[in-house]
Amino acid sequence: TWPDFAALTDALLVGARSYAQVLNDAGVAAKVVPLGQAFRAVHDADPALFARLYLGDRKHLGPLGHYLAAQTLFAALYQRRPAALVVVDGMWRPREVTLPEAQALACLACTAVHCGSAAECGCGLCGHAGEGGGAPPLPSRTVAISKE
């Protein structure tokens, strides 16, 4: 068992990176996409939004969870920020995902891939680099909780 969600996602990332190193050493190109770290970023920033990443069974991803996963994959595979960081109405997103939610999720995905955490951000890709860290404001119907 794991003491908390952070410990679980950290252990999974270490394991995934170990497997990727073994594959790379064997000549197989392998890349780790830190999906767990993106989910952890949402978990840490806004527990209410985190709960909405899943369906009612709390096991399977819902539209917000799939959107976060897609943004994280995009940021990792294409080595650039998710397009949703500059999303405006009319750009695709699941209808259950509001514009502010899409922007917050895309920023957290980019941060997980390129920086590790918003506080350490320096990538210049996710829109908050050079501003002392921090994701864009979360949607007004959610409550942000700071770990500091």
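Everything in this summary refers to the structure shown in the same document. (Residues numbered from 1 in each chain as written. Predicted model: local features only at pLDDT ≥ 70, side-chain atom pairs only at ≥ 80, totals over all residues. Heavy atoms only, no water.)

## Quick notes on the pattern of salt bridges
Per the counting criterion, the structure on display carries three salt bridges. Between Arg40 and Asp44 there is a salt bridge, with the nearest N and O atoms lying 3.6 Å from each other. In this pair, Arg40 and Asp44 both sit in helix H2 (residues 35-45), four residues apart, roughly one turn of the helix. Among the residues examined, Arg40 registers a relative accessible area of 15% and is labelled buried. Sharing partners across several salt bridges, the network here consists of Asp10, Arg40 and Asp44. (Salt bridge = Lys/Arg side-chain N within 4 Å of Asp/Glu carboxyl O. Helix = DSSP H or I, 4+ residues; strand = E, 2+ residues; numbered from the N terminus. Buried < 20%, exposed > 50% of the residue type's maximum accessible area, 1.4 Å probe, protein only.)

## Re the packing of helix H1 (residues 5-25) against H2
Look at H1 against H2: their axes get within 9 Å of each other, and the N-to-C directions meet at 165 degrees. Taken as axis vectors, H1 and H2 run roughly antiparallel relative to one another. For H1 against H2, the interelement crossing comes out left-handed. Here H1 contributes Phe5, Ala6, Thr9, Asp10 and Leu13 to the contact with H2, which in turn contributes Gly36, Gln37, Phe39, Arg40 and His43. Within the contact of H1 with H2, the residues separate by chemical class into four nonpolar, four polar and two charged. (Axes fitted to C-alpha atoms, helices over the stretch in contact; angles between N-to-C directions. Parallel < 35°, antiparallel > 145°, perpendicular 65-115°, else oblique. Left-handed = near helix turned anticlockwise from the far one by under 90°. Contact = heavy atoms within 4.5 Å. Nonpolar A, V, L, I, M, F, W, Y, C, P; charged D, E, K, R; others polar.)

## With respect to the packing of aromatic side chains
In total, this model carries four aromatic pairs according to the counting rule given. Aromatic pair Tyr67 and Trp92: ring centres 6.3 Å apart, planes at 40 degrees, arrangement tilted. Linking Tyr67 in helix H4 (residues 63-78) with Trp92 in the loop between H4 and helix H5 (99-114), this pair joins segments that are 25 residues apart in sequence. Taken together, the ring pairs in this structure connect Phe5, Phe39, Phe50 and Tyr54 into an aromatic cluster. (Phe/Tyr/Trp six-rings, centres within 6.5 Å; stacked < 30°, edge-to-face > 60°.)

## Focus on a nonpolar patch on the surface
Together, Leu73, Leu77 and Tyr78 line one region of the surface with nonpolar side chains, adding up to about 320 Å² of accessible area. Tracing the backbone shows Leu73 in helix H4. Assessed through its relative accessible area of 36%, Leu73 is described here as partly exposed. (Patch = residues over 30% accessible without salt bridge, like charges linked within 9 Å, V, L, I, M, F, W, Y side chains within 5 Å. Areas by Shrake-Rupley, 256 points an atom, 1.4 Å probe, with all protein chains shown as cover.)

## So, the nonpolar core
Most often, soluble globular proteins keep nonpolar side chains buried together rather than apart. Core analysis: the largest hydrophobic core is formed by 15 residues, its most contacted members being Val42, Leu53, Leu64, Leu68 and Leu105. Considering every element that reaches this core, the biggest residue donor is H5, with five residues. Every residue in contact with Leu68, bar those within four places of it in the chain, is listed here: Ala38, Phe39, Val42, Leu53, Leu105 and Ala109. (Core = buried A, V, L, I, M, F, W, Y, C linked by side-chain atoms within 4.5 Å.)

## Notes on the packing of H2 against H4
Interhelical geometry of H2 versus H4 gives an angle of 130 degrees and a closest axis separation of 9 Å. Classified by the interaxial angle, the pair formed by H2 and H4 is oblique. Considering only the axes of H2 and H4, their crossing is right-handed. Between H2 and H4, the residues in contact are Leu35, Ala38, Phe39 and Val42 and Gly65, Leu68, Ala69, Thr72 and Leu73, respectively. Considering only residue class, the contact of H2 with H4 consists of seven nonpolar, two polar and no charged.

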